[in-house]
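Inside the fold
These are the residues of each chain, in order.
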Amino acid sequence: MNSASEKIRVRFAPSPTGYLHIGGARTVLFNWLLARKHGGAFVLRIEDTDQARNLEDSTGKIVEDMRWLGLQWDEGPEVGGGLGPYFQSRRLEIYSRHAEQLLADGNAYYAMETPEELAAMRESAKRERRSTTYIRPDPLPTVAEGLAAKQAGRAVVIRLKMPREDIRVHDEILGEVVLPLEQAEDFVLMKSDGFPTYHFACVVDDELMQITHVLRGQEHLMNTPKHIALQRALGFHTPRYAHLPVIFNMDGTKMSKRDKEKAIAKGMKPPEIDVHDFRTAGYLPEALLNFLALLGWSPGEELEFFDLPELKARFTIERVGKTNAKFDREKLISFNTTWATRVTPARLLEAFKDFARLNAGADSRAAAALRAEDSFIQRVLAACSGFRTFADVLIKGGFAFLDDDAVTYDAKAVEKVLLKNNPQGIKVVAALTEAFERLSSWSAESIDSVVQQVRSTLGLQMGGVAQPLRVAVTGNTISPSIQDTLMLLGRNQTLARLQRCLKAHGQK
Ligand code: GLU
């Protein structure tokens, strides 16, 4: 989509209102891919002119999530660049200058309606079923009148004089999009507090930062004709636009940050929405990226698994679809399971430790994992292979990281597996303890022979022995195979835990 001479420059322009959400991450990925594919530049610009919406340290969080995904920018916060500053709040003087030019050229005007007057316009628009609300004053206030009103302390804004013609956008994905004349109104460029609106700052910066391609979500589509009108008024070039499909939940609702609040209100576990949620829940960035790439883009073949270099080689805007993308969580989980086997053991270890660090404050198993040797963590990961997320590794293998006396017994498991039938499970644990005490070698085979021997002596099924043993040493009914479980613990820890269990739950 570019001519050979054009150096591609793209940007991701988040408003710092919280963590990077999944739609934003997809926008980052597609911009990054386009820049990398063509040897262009990827700019990160922080759109922080809406002071009321800016949240503390959001930029830091967004930057961290982009780094976690491995999508580094070439210009922007922390790295600088020749066309900065890259925070809009530090560019106010630039916007004022451009607003003055528009005023001087007669392409914009001061508007000074009171909130009551604006409310009355909204009312009449409703009554008359007009899609636009603002009615351009006739005659327009002069610059001198605007300045005088400002001096007098009135709330004065600057509005663009929209052209009285339909505005056409050529979208690289959607084709021709038209903003019909009757939907075009004179929108605000500069607010009364002296800050630019999103539209104005975005258009000025796309020009000054020499952006060639704007890839952003389809929710911005109807902003684009406004941006084009503004570019014309300012004598700017128009970048190429490509609006990415909206991301939907499987139930057909639009995926949004509010899904979390809705779930909490219903007493349900909030779904992962932000990149940080997926990271904390134990997904690999490799899996998330692979999954994000397929939210709207397709390789055109049956291929499913891609890492960043492969994506870079294959990515084209032409293969981004028009239709909504479905966020299939089951598919993401299966990608994660697969990616856990595709990355190197060293990479898996690093990712698990990152997960454990994020969860150490809330989960004693995660905290304990961070104190373990790397080689031991790798053994636990191997014993839990096939896991969905790292959270499953904690559930299934977390027992191995804990000190013996830190193991807590799940009350239901104790009741059902150890104490039921007067107490059958405890008798099994006692018999196993004796047999393991006599065992000198500790291997999967010797462990198995003990389990088999106790099983046949007591005339039980395999589960009748393995489950009490599992609950006794892990506190729970879920762990890797019984041989793997006991091999991870070793002889001393196994015996210590069996004895502790007998002491805690054996006959008084
Ligand atoms: N700050 C806007 C947002 O976060 C950027 C939109 C755009 O890419 O133009 O949605």
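The coordinates are above.
Now for a quick tour of the structure. (Residues numbered from 1 in each chain as written. Predicted model: local features only at pLDDT ≥ 70, side-chain atom pairs only at ≥ 80, totals over all residues. Heavy atoms only, no water.)

With that out of the way, let us pick up the layout of surface pockets. A volume near 1,400 Å³ is recorded for the largest pocket. Contributing to the lining of the largest pocket are 49 residues, with Thr17, His21, Arg53, Glu219 and His220 lying nearest its centre. Considering each element in turn, the lining of the largest pocket owes the most residues, five residues, to helix α1 (residues 22–37). (1 Å grid on protein atoms, 1.4 Å probe; cavity = no way out; pocket = protein on both sides within 12 Å on 5 of 7 lines; lining within 4 Å. Points joined across faces, edges and corners; volume = space filled by probe spheres on them. Helix = DSSP H or I, 4+ residues; strand = E, 2+ residues; numbered from the N terminus.)

The next subject is the packing of α1 against helix α10 (residues 285–293). Running from N to C, α1 and α10 point in directions that differ by 80 degrees, and their axes come no closer than 10 Å. Judged by the angle between their axes, α1 and α10 are roughly perpendicular. Only Leu288, Leu289, Leu292 and Ala293 of α10 make contact with α1, whose side of the interface consists of Ile22, Ala25, Arg26, Leu29 and Phe30. Here the residues of the contact of α1 with α10 are counted per class, giving eight nonpolar, no polar and one charged. (Axes fitted to C-alpha atoms, helices over the stretch in contact; angles between N-to-C directions. Parallel < 35°, antiparallel > 145°, perpendicular 65-115°, else oblique. Contact = heavy atoms within 4.5 Å. Nonpolar A, V, L, I, M, F, W, Y, C, P; charged D, E, K, R; others polar.)

Here the focus is the site of the ligand. The environment of the ligand is made up of Arg11, Ala13, Pro14, Ser15, Glu47, Tyr198, Cys202, Arg216 and His220. Here an oxygen atom of the ligand and a side-chain polar atom of Tyr198 are 2.7 Å apart. Between Arg216 and the ligand, the recorded distance is 2.7 Å, taken from a side-chain N or O atom to an oxygen atom. Protein chains shield 80% of the accessible area of the ligand, which is 300 Å² for the free molecule. More than half of the atoms belonging to the ligand lie within 2 Å of the grid points that define the largest pocket. The residue makeup of the shell around the ligand, split by class, is four nonpolar, two polar and three charged. (Near = heavy atom within 4 Å. Polar contact = N/O pair within 3.5 Å; in protein donor to acceptor, adjacent residues only side chain to side chain. Areas by Shrake-Rupley, 256 points an atom, 1.4 Å probe, with all protein chains shown as cover. Sits in = over half its atoms within 2 Å of the grid points.)

This part is about the nonpolar core. Among the nonpolar cores identified, the biggest contains 114 residues, and Phe352, Phe390 and Phe436 are the most heavily contacted of them. Sort the elements by how many residues they give to this core and α1 lands first, with nine residues. The residues contacting Phe390, other than those within four sequence positions of it, are Ala281, Gly282, Leu284, Leu348, Ala351, Phe352, Phe355 and Leu381. (Core = buried A, V, L, I, M, F, W, Y, C linked by side-chain atoms within 4.5 Å. Buried < 20%, exposed > 50% of the residue type's maximum accessible area, 1.4 Å probe, protein only.)

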